[in-house]
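Residues per chain are reported as follows:
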There are 2 protein chains.
Amino acid sequence: MSIMDTVHTVNSIHASQPIGVFDSGVGGLSVLKHLVRVMPSESYVYLGDTARVPYGNKSKETVQLYSKQCAEFLLQQNVKLIIIACNSASSLALEVVRACSNVPVIGVIEPSAHAACAATKNHVVGVIGTRATVGSGAYARALSERAGADSVSVIHQACPLFVPLAEEGWTAHPASRAIALEYMKPLRDAGADTVVLGCTHYPLLQDIIHDAIPDATLIDPGYYAALEAQRVLASMNALHQEHAVPDTDIEFFVTDIPATFSQVAKLFLGFDVAAPKQAVIDDHAIRQH
Amino acid sequence: MSIMDTVHTVNSIHASQPIGVFDSGVGGLSVLKHLVRVMPSESYVYLGDTARVPYGNKSKETVQLYSKQCAEFLLQQNVKLIIIACNSASSLALEVVRACSNVPVIGVIEPSAHAACAATKNHVVGVIGTRATVGSGAYARALSERAGADSVSVIHQACPLFVPLAEEGWTAHPASRAIALEYMKPLRDAGADTVVLGCTHYPLLQDIIHDAIPDATLIDPGYYAALEAQRVLASMNALHQEHAVPDTDIEFFVTDIPATFSQVAKLFLGFDVAAPKQAVIDDHAIRQH
């Protein structure tokens, strides 16, 4: 019996198995960074779907198909838990990925909705993200569920320029500040005291986002997803705690040729990483429906 | 014998066949607009690979694979000529698409390089585009070939923020002006008197690009590709000239669910269009190389 068969048929999790993380591209490294800080003794397999990035401007059906393929790839790598680092995929495909996985699957929406409800004092929460994330209403649903009896008012804002600004490295550019001020206006006007950074790239811009809405608490979903992963693994007695000295082992896969991945990875993670391997997408043709 | 077999085995072109146009997404509609103006009596099949957009930040190998699949789809629609509207695909995949097609294939690079060489007086030409287009050096090669004995100095500038600015509709926003001024600085410093708008979205920003480098002539590749297509079809006696009153027939296909395509199409084209059909990508899995 192959490893893949074992994973798909036997629901037994071992502490030594790696944690799987997938994202539409490199942005999920901002989530991986938190995972490594919170659980430095774990092994990780990271998959970036760089051949089809971004997901945030695509339909629910397409994001679900791509997310399912990413999860299946991670399951083949024998992971013990899957983190959906991408907010768009977490918003649109969490249930689909859970349905095809026999290991726990954690998205970034629910843990950060919980954190936002705990942080807000006036119950006005801003959520910024891609069009797909904002359009899905996933954060609004998660916030309402968490808020329970206290109603919460959610102000959504799609910020399509933030990803290219972060990737250009324009994290303190006057144009970036002007754009952040404009995007944050509806949140300021509504008096949001808490803002969820609902896209993996946005933590790179948190200084200018803070300056554009200085009284608000910023919630970085990657941190809360990492805490939730730790909680779930601990509850299953599946945390890896063997290393006296933390020695994180990370394997990287990307679906496009990994030309500049290592430099970008260092930018996001703050440390050098092994060169990524290429994962291949089996797409043979475009045909008429 | 099916239509597809005919197309692939018999190299006979009829004037009544449609012209095929493909692009990574909706941007190619700026090229289609010129085609329709130059040849209003033709039929067109447009394919936007919206499930995998954009191509401009992806590798040569991935852009070649996707472009080949787009061309094969158009050949199945029995087109008489293929226009690669996407500058990134034209830069990286023209030869690959030509190799798999038995109809003429026209990219946007060569015709606009010719136009730029005709327009420049001081032989300093700026080329702006995606990272893929700029990194390929395709414009520099085409300009050098066209310039012949006169050497031409080519100043490249990748402008990754221009596509999201155009898609946000921020075509006259102060932040857009600041970004355009910054991107055009190396071109102004070098004294470029001609600038090729080497990405399908950039014509939407031509006013602020002009203001950022007011003395330069802007070259819109879509217009010159349309003239080249007309020339090639005329030379093959394959222009469709039956309609006394022009009655353009355009069929649209997209690889992602076409939620907002019709609105965006109207923005680019200036007239209402039929709803697009979905073309399906046969991608079944991500596997380890």
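Q: Help me understand the overall build of chain A in this model?
A: Counting its secondary structure elements, chain A contains 12 helices and 10 strands. Relative to the 2.2 N^0.38 estimate, which gives 19 Å for 289 residues, the radius of gyration of chain A is 19 Å and therefore close to what a compact globule would have. Across its three principal axes, chain A shows a C-alpha extent of roughly 60 × 45 × 40 Å. Counting all 289 residues of chain A, 55% fall into the buried class. Excluding contacts between residues fewer than 6 apart, the proportion of contacts in chain A whose partners are at least 24 apart in sequence is 77%.

Q: Would you mind going over helix α11 (residues 221-235) of chain A with me for this structure?
A: In an α-helix, one turn spans 3.6 residues, which is why side chains three or four residues apart end up on the same side. All names here are of chain A. Compared with an ideal rise of 1.5 Å per residue, which puts 15 residues at 21 Å, α11 spans 21 Å between its outermost C-alpha atoms and is within 8% of the ideal. Within α11 the residues assigned to the buried category are P221, G222, Y223, Y224, A225, A226, E228, A229 and L233. Positive backbone phi, at 55°, marks N237, one or two positions downstream of α11.

Q: Any chance you could explain the interface of chain A and chain B here in plain terms?
A: A common measure of how large an interface is: the accessible area buried when the components associate. Contacts between the two partners involve 37 residues from chain A, matched on the other side by 37 residues from chain B. Of all elements in the fold, only α3 (60-76), α8 (162-168), α9 (174-190) and β10 (277-288) of chain A reach the threshold of two or more residues within the side of chain A that touches chain B. Sort the elements by how many residues they give to the side of chain A that touches chain B and β10 of chain A lands first, with 12 residues. Across seven bridges, β10 of chain A lies against strand β10 (residues 277-288) of chain B in antiparallel orientation. Across the sheet, residue I286 of chain A finds its bridge partner in β10 of chain B, namely I281 of chain B.

Q: Explain the relation of the copies chain A and chain B to me, please; I cannot follow it from the model alone.
A: Its rotation angle being 180°, the transformation that places chain A on chain B also includes 0.0 Å of axial translation and leaves an RMSD of 0.0 Å. Classification of the inter-copy transformation places it as that of a two-fold axis. Residue D283 of chain A, judged by its C-alpha, is the member of chain A lying nearest the rotation axis, at 1.8 Å. Both copies share a contact surface, since 100% of the interface residues of chain A are interface residues in chain B too.

Q: So what exactly am I meant to see when it comes to the sheet that holds strand β8 (residues 217-219) of chain B here?
A: Through backbone hydrogen bonds, the strands of a sheet pair up, either in parallel or in antiparallel fashion. All names here are of chain B. Strands sit in the order β6-β5-β7-β8 across an open sheet of four strands; the sheet is parallel. Every interior strand has two partners, whereas the edge strands, β6 (153-158) and β8, have only one. Strand-to-strand twist in this sheet, taken as the mean axis angle between neighbours without regard to direction, amounts to 20°. Sheet topology note: the strand β5 (residues 124-129)/strand β7 (residues 194-198) ladder contains five bridges and is parallel. Bridged to G126 within β7 is V195. Packing against the sheet, helix α5 (residues 109-119) makes contact with β5, β7 and β8, and its axis sits at approximately 165° to β8.

Q: I keep staring at the sheet that holds β10 of chain A and nothing clicks. Help me out?
A: Pairing within the open sheet is mixed, and its 12 strands lie in the order β4(A)-β3(A)-β1(A)-β2(A)-β9(A)-β10(A)-β10(B)-β9(B)-β2(B)-β1(B)-β3(B)-β4(B). Of all strands in the sheet, those bounded by a partner on one side alone are β4 (105-107) of chain A together with β4 (105-106) of chain B. Along the sheet, helix α4 (residues 87-99) of chain B contacts β3 (81-84) and β4 of chain B; its crossing angle with β3 of chain B, the most-contacted strand, is approximately 155°.

Q: I would appreciate a short explanation of unusual backbone geometry in the present structure.
A: Only a minority of non-glycine residues have a phi that is not negative, and only a minority of peptide bonds are not trans. Residues and elements named next belong to chain A. Between V53 and the following residue, P54, the backbone shows a cis peptide bond with an omega angle of -5°. Here P54 shows up in the loop between β2 (43-48) and α3. Located in the positive-phi region is N78, a residue other than glycine, with phi close to 65°. The residue N78 is located in the loop between α3 and β3 (81-84) in this model. The backbone phi angle of N237 is positive, close to 55°, even though this residue is not glycine.

Q: Explain the domain arrangement of chain A here, please?
A: Residues and elements named next belong to chain A. What the domain assignment lists for chain A is domain 1 (3-107 + 223-278) and domain 2 (110-221). Put simply, the middle of domain 1 and the middle of domain 2, counted by C-alpha atoms, are 23 Å apart. Contacts between the two partners involve 23 residues from domain 1, matched on the other side by 20 residues from domain 2. Broken down by secondary-structure element, the contributors of at least two residues to the side of domain 1 that touches domain 2 are α2 (29-38), α4 (87-99) and α11. At five residues, the largest contribution of residues to the side of domain 1 that touches domain 2 is made by α11. Looking at side-chain class alone, the side of domain 1 that touches domain 2 contains 11 nonpolar, nine polar and three charged residues.

Q: Sorry if this is basic, but what is going on with helix α5 (residues 109-119) of chain A here?
A: For α5 of chain A, the tally of buried residues reaches eight of 11 residues, placing the bulk of the element in the interior. Taken residue by residue, α5 of chain A has I109, E110, P111, S112, A113, A115, A116 and C117 of chain A as its buried positions.

Q: Please explain the nonpolar core as it appears in this structure.
A: Proteins that are soluble and globular tend to have nonpolar side chains buried together. Of all hydrophobic cores here, the largest spans 196 residues; its most connected members are I83 and I84 of chain A together with I83 and I84 of chain B. Excluding residues that lie within four positions of it along the chain, I84 of chain B makes contacts with F22, S67, A89, S90, L94, V97, V105, G107 and V108 of chain B.

Q: How should I be thinking about the confidence of the model for chain A in this particular structure?
A: If pLDDT is low for a region, its predicted coordinates should not be looked at in detail. Scored by pLDDT, chain A has a mean of 91; 94% of the residues are at 70 or more. When the criterion is pLDDT under 50, residues 1-10 of chain A qualifies, and its contacts beyond four places in sequence or with other chains add up to seven contacts.

Q: Please clarify how the packing of α5 of chain B against helix α11 (residues 221-235) of chain B should be interpreted in this entry.
A: Geometrically, a packed helix pair is captured by the angle between its two axes and the distance between the axes. Residues and elements named next belong to chain B. Orientation of α5 relative to α11, taken along the N-to-C sense of each, is 110°, at an axis distance of 8 Å. By the angle class used here, α5 and α11 are roughly perpendicular. In this structure, α5 uses P111, S112, H114 and A115 to contact α11, whose residues at the interface are P221, Y224, A225, L227 and E228. The class makeup of the residues in the contact of α5 with α11 is six nonpolar, two polar and one charged.

Q: What is the right way to look at the pairing of strand β2 (residues 43-48) of chain B in this model?
A: Along any regular strand the residues' side chains alternate between the sheet's two faces. All names here are of chain B. In terms of strand pairing, strand β1 (residues 19-23) meets β2 through five bridges, oriented parallel. Residue pairing across strands places V21 opposite Y46, the latter belonging to β2. Handedness of the β-α-β unit built from β1, helix α2 (residues 29-38) and β2 comes out right-handed. Bridge analysis of β2 against strand β9 (residues 249-254) gives six bridges, and the strand direction is parallel. Pairing of G48 across the sheet is with V254, part of β9.

What counts and how
Residues numbered from 1 in each chain as written. Chains lettered and ligands numbered in written order. Predicted model: local features only at pLDDT ≥ 70, side-chain atom pairs only at ≥ 80, totals over all residues. Helix = DSSP H or I, 4+ residues; strand = E, 2+ residues; numbered from the N terminus. Rg over C-alpha atoms; globule rule 2.2 N^0.38 Å. Buried ≥ 20, exposed ≤ 12 C-beta atoms within 10 Å, placed from the backbone. Contact = placed C-beta atoms within 7 Å. Expected span 1.5 Å × (residues − 1). Pairing = 2+ DSSP bridges. Least-squares fit on C-alpha atoms with pLDDT ≥ 70 in both. Axes fitted to C-alpha atoms, helices over the stretch in contact; angles between N-to-C directions. Domains from an automatic or database assignment. Nonpolar A, V, L, I, M, F, W, Y, C, P; charged D, E, K, R; others polar. Core = buried A, V, L, I, M, F, W, Y, C linked by C-beta atoms within 7 Å. pLDDT = per-residue confidence, 0-100. Parallel < 35°, antiparallel > 145°, perpendicular 65-115°, else oblique. Right-handed = clockwise from strand over helix to strand, strands pointing away.

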